[in-house]
Amino acid sequence: QVQLVESGGGLVQPGGSLRLSCAASGTIFSIYSMGWYRQAPGKERELVAGIISNGITNYADSVKGRFTISRDNGKKVVYLQMNSLKPEDTAVYYCHARIGAIDYWGKGTLVTVSS
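Keep in mind it's a predicted model, so treat the numbers as computed, not measured.

## Structural notes on the packing of aromatic side chains
- Counted by the stated rule, this structure contains one aromatic pair.
- Each ring, one from Tyr37 and one from Trp105, has its centre 4.9 Å from the other, and the planes form 70 degrees; the classification is edge-to-face. Of this pair, Tyr37 sits in strand β4 (residues 33-39) while Trp105 sits in strand β10 (residues 102-105); the two residues are 68 residues apart in sequence, bridging distant segments of the chain.
- When the ring centre of Tyr94 is taken as reference, the NZ or CZ atom of Arg45 above it lies at 3.7 Å.

## Structural notes on the environment of Val2
- For Val2, the location among the structural elements is in the segment before β1 (4-7).
- Put simply, Val2 and Phe29 are 27 residues apart on the chain and 9.4 Å apart in space, counted from C-alpha to C-alpha.
- The residues touching Val2, leaving out its near neighbours within four places in the chain, are Ser25, Tyr32, Ile99 and Tyr104.

## Things to note about the pattern of salt bridges
- For the coordinates displayed, the defined rule picks out five salt bridges.
- The closest approach of N and O atoms between Asp89 and Arg66, which form a salt bridge, is 2.8 Å. Here Asp89 is found in the loop between β8 (77-82) and β9 (91-99), whereas its partner Arg66 is found in the loop between β6 (57-59) and β7 (67-72), with 23 residues between them in sequence. In this structure, Asp89 and Arg66 share a single accessibility class: buried.
- When salt bridges that share partners are traced, they join Arg38, Glu46, Arg66 and Asp89 into one network.

## Some points on the side chain of Thr109
- Looking at the element boundaries, Thr109 is found in strand β11 (residues 109-113).
- Side-chain polar atoms of Thr109 contact the backbone nitrogen of Gly9, separated by 3.2 Å.
- Those residues in contact with Thr109 that lie beyond four places of it in its chain are Glu6, Ser7, Gly8, Gly9, Leu20, Ala91, Val92 and Tyr93.

Conventions we followed
- Residues numbered from 1 in each chain as written.
- Predicted model: local features only at pLDDT ≥ 70, side-chain atom pairs only at ≥ 80, totals over all residues.
- Heavy atoms only, no water.
- Phe/Tyr/Trp six-rings, centres within 6.5 Å; stacked < 30°, edge-to-face > 60°.
- Helix = DSSP H or I, 4+ residues; strand = E, 2+ residues; numbered from the N terminus.
- Lys NZ or Arg CZ within 6 Å of the ring centre and 35° of its normal.
- Contact = heavy atoms within 4.5 Å.
- Salt bridge = Lys/Arg side-chain N within 4 Å of Asp/Glu carboxyl O.
- Buried < 20%, exposed > 50% of the residue type's maximum accessible area, 1.4 Å probe, protein only.
- Polar contact = N/O pair within 3.5 Å; in protein donor to acceptor, adjacent residues only side chain to side chain.

Here it is as structure tokens:
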């Protein structure tokens, strides 16, 4: 069983920055494919950024150049650095892990971008 715990959400002004963290349990974190998803009110959950075991990353077009995903396999943590935040980035952000064909989700952390 893998547990994911997000932290780092909050209220930030447009143009500001936040860093989300996701701490994972389990003994073979290095092989997990990890990602961050978000769900805004009234919208479907969407992929924001992903990082696989060898460090290759991918991003949604809407966040390219502003967000950076990274992982620390020793600490079993995945990060999402979010810069130049916009009101449309407001959402609940979920940490995701895939191990083989099994998906795991965190409970989410709320990010609100507002002046």
